[in-house]
Amino acid sequence: IFYNILIPDDSRRLENAMVVLKDQLDQVGQTLRTLDESIRLPSVNRTHTASLYYNIIGGSLPEQTVALMCSKIHPALSCQLLDRYETTSESVTLMDLHSFCADEANNNRRVTYLNSKGSYHQTETNNNWRRSLTESALHPDCLSPPDDQCNLCGSQFYTRFALMVPGNSWTSKCSYIKQLLPPLEGGEFDTKMHDSVAAFLKYRLWGKLNSALMDDRADYYGLGRSSSLEHWIGSHHAVQPCELHSARITFKDMLSGKVTPAGYDWGMGPRRTALVDEIQGAEDQLGHDTEGQFREYFFLPGNLLKWFYLYGAKGVPASDSWVWKHFPAGDRWKQLVYQHGSNAVREMAKQSANQDSQSPYKNSTSTDMFRDVTEPNSIVPPVVVFYHVTFPLGRKKEAMM
């Protein structure tokens, strides 16, 4: 288990953070006791062990305090401090997890990632969310999935606006995690995510792709400190997700604390798509627009762009990948990808350069913006736009029209 612990530096919030810490460690202990009971036979008398590695971010928390809490919760729970940071993000703990999985000796191991959601902001919603995430990630079906079928398991897995477990606590297999780019803040993963979004915005400007399903928000595109890390675990096409919550359990049910073991129904994902903040009526409208589905960023094109920018030729999904059936227009994109590999989106744009589309270049027949630049002196005029936007107070919706 890799555990990201946030400790506020003021006494009022520190008290709440300690409650959160105790609560999550209790959940770890309960998991160990459940596993102990599952193997307790007359001829068997042994216990499961667990190693918990943690980082402390923010205020002071003595290492001895955590060690004492762990030993009281379960005698076989070993808690080890990795490092302390005054200020940073979850990336440091995810980097530690990634480094652990990069070791060939750990290739077949499963690792759990937990974060102390709610340490700074004590709300009933955060408490419900954190407990449900933690209980799911530590559930026996996630720690040891039936027939070893999946490589990422959590409460709920979504495919829009990213391939993700909302809340970012999960259990995953090292053989999958080692394929991901290291989640170093400001590193290669962040840079290439930005590049993929920049590419999409150009394609949208040229009328080749669109984003009708979601509002333009940085976190939807995986930009920004916390959202990029939440997008990280599902950022490779080789992800094989499974979920503990049954398909009838909604994200809102989890936030409101309505999930009980009766709502557990482990199964391969994805079994759900939409998360929150959908543009009203957009999906129904796209349901009758096959061309719109083909060009919708929040369906397959956005994921393909991410995979190609992050992993190049290794970003091409396997022919039997679940993504081709899950997303609309999957067969059409599959054909393009297997003709053009990681250049599929670019080739689509070239092929449709002279087609009618909603774009500033609608009446232009030039395809210069899509030609390859191979000579140092070749010049492709850049797109330069200066746009002054005013949002009247209380009338944002009208302004967005």
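Keep in mind that this is a model prediction, so the values were computed, not measured.

A few points about the layout of surface pockets
Then comes step 1: Here the largest pocket is characterised by a volume of approximately 780 Å³.
Then comes step 2: Forming the boundary of the largest pocket are 36 residues, of which Glu90, Asn115, Lys117, Ser226 and Glu230 lie nearest the centre.
Then comes step 3: Breaking the lining of the largest pocket down by element, the ones donating at least two residues are β1 (2-7), β2 (50-58), α4 (124-137), α8 (225-232) and α9 (251-255).
Then comes step 4: In terms of residue count, α8 provides more of the lining of the largest pocket than any other element does, 5 residues in total.

Focus: the state of the cysteines
Then comes step 1: According to the stated counting rule, one finds 4 disulfides in the structure shown.
Then comes step 2: One disulfide bridge connects Cys70 with Cys79, the sulfur atoms lying 1.9 Å from each other. Linking Cys70 and Cys79, the disulfide has an S-S dihedral of approximately -95° and is accordingly described as left-handed. The two residues Cys70 and Cys79 agree in class, both being buried.
Then comes step 3: Taking only the cysteines that form disulfides and numbering them from first to last, the chain has the pattern 1-2, 3-7, 4-6, 5-8.

Section: the packing of aromatic side chains
Then comes step 1: Under the counting rule described, the total for this entry stands at 16 aromatic pairs.
Then comes step 2: Considering the side-chain rings of Trp129 and Phe251, the 5.4 Å spacing of their centres and the 85° angle between planes classify their relative orientation as edge-to-face. With Trp129 in helix α4 and Phe251 in helix α9, the pair connects residues that are 122 residues apart, well separated along the chain. Take Trp129 and Phe251: they sit in the same class, and that class is buried.
Then comes step 3: With a centroid separation of 4.1 Å and 35° between ring planes, the pair formed by Phe200 and Tyr297 is classed as tilted. Residue Phe200 is located in helix α7 (residues 188-205), and its partner Tyr297 is located in the loop between α11 (290-295) and α12 (300-311); the two are separated by 97 residues in the primary sequence. Tyr297 matches Phe200 in its accessibility class, with the two residues each being buried.
Then comes step 4: Aromatic rings pair up to connect Phe200, Tyr221, Tyr297 and Phe298 into one cluster.
Then comes step 5: One residue, Lys117, lies across the ring of Trp129, its end atom 4.3 Å from the ring centre.
Then comes step 6: A cation over an aromatic ring shows up here: Arg332 above the ring of Phe294, its NZ or CZ 3.6 Å from the ring centre.

Side note on the pairing of strand β4 (residues 110-115)
Then comes step 1: Burial runs high along β4: 6 of the 6 residues are buried.
Then comes step 2: Residues Arg110, Thr112 and Leu114 of β4 are buried on one face, and the alternating residues Val111, Tyr113 and Asn115, pointing to the opposite face, are buried as well.
Then comes step 3: Relative to β4, β1 runs parallel, the two being bridged by 3 bridges. In the sheet register, Asn4 faces β4, and the bridge partner there is Asn115.
Then comes step 4: The sheet contact formed by β4 and strand β6 (residues 170-173) spans 4 bridges and is antiparallel.

Observations concerning empty space enclosed by the protein
The rolling of a water-molecule-sized probe over the atoms marks out the regions of remaining empty space.
Then comes step 1: Counted under the stated rule, the structure contains 2 cavities of 30 Å³ or more.
Then comes step 2: Its boundaries defined by the atoms lining it, the largest cavity holds a volume of some 60 Å³.
Then comes step 3: Of the residues forming the lining of the largest cavity, the biggest block, 4 residues, is contributed by α12.
Then comes step 4: When the residues that make up the lining of the largest cavity are grouped by side-chain class, the tally is 5 nonpolar, 4 polar and 1 charged.
Then comes step 5: Each pocket or cavity is described by its volume, and for the second largest cavity that value is around 40 Å³.
Then comes step 6: For the lining of the second largest cavity, the per-class residue count stands at 5 nonpolar, 3 polar and 1 charged.

Focus on the pattern of salt bridges
Then comes step 1: What the rule picks out here adds up to 16 salt bridges.
Then comes step 2: Where Arg13 meets Asp10, a salt bridge forms, and the shortest distance between an N and an O atom there is 2.8 Å.
Then comes step 3: A relative accessible area of 25% places Arg13 in the partly exposed class.
Then comes step 4: Residue classification places Asp10 among the partly exposed positions, given a relative accessible area of 24%.
Then comes step 5: Measuring nitrogen to oxygen at the nearest pair gives 3.0 Å for the salt bridge that ties Asp216 to Arg204. Linking Asp216 in the loop between α7 and α8 with Arg204 in helix α7, this pair joins segments that are 12 residues apart in sequence.
Then comes step 6: Of the residues examined, Asp216 reaches a relative accessible area of 44% and is grouped as partly exposed.
Then comes step 7: Judged by relative accessible area, Arg204 falls into the partly exposed class, the value being 27%.

What counts, and at which threshold
Residues numbered from 1 in each chain as written. Predicted model: local features only at pLDDT ≥ 70, side-chain atom pairs only at ≥ 80, totals over all residues. Heavy atoms only, no water. 1 Å grid on protein atoms, 1.4 Å probe; cavity = no way out; pocket = protein on both sides within 12 Å on 5 of 7 lines; lining within 4 Å. Points joined across faces, edges and corners; volume = space filled by probe spheres on them. Helix = DSSP H or I, 4+ residues; strand = E, 2+ residues; numbered from the N terminus. Disulfide = S-S within 2.5 Å. Buried < 20%, exposed > 50% of the residue type's maximum accessible area, 1.4 Å probe, protein only. Phe/Tyr/Trp six-rings, centres within 6.5 Å; stacked < 30°, edge-to-face > 60°. Lys NZ or Arg CZ within 6 Å of the ring centre and 35° of its normal. Pairing = 2+ DSSP bridges. Nonpolar A, V, L, I, M, F, W, Y, C, P; charged D, E, K, R; others polar. Salt bridge = Lys/Arg side-chain N within 4 Å of Asp/Glu carboxyl O.

Honestly, it's all geometry; don't read function into it.
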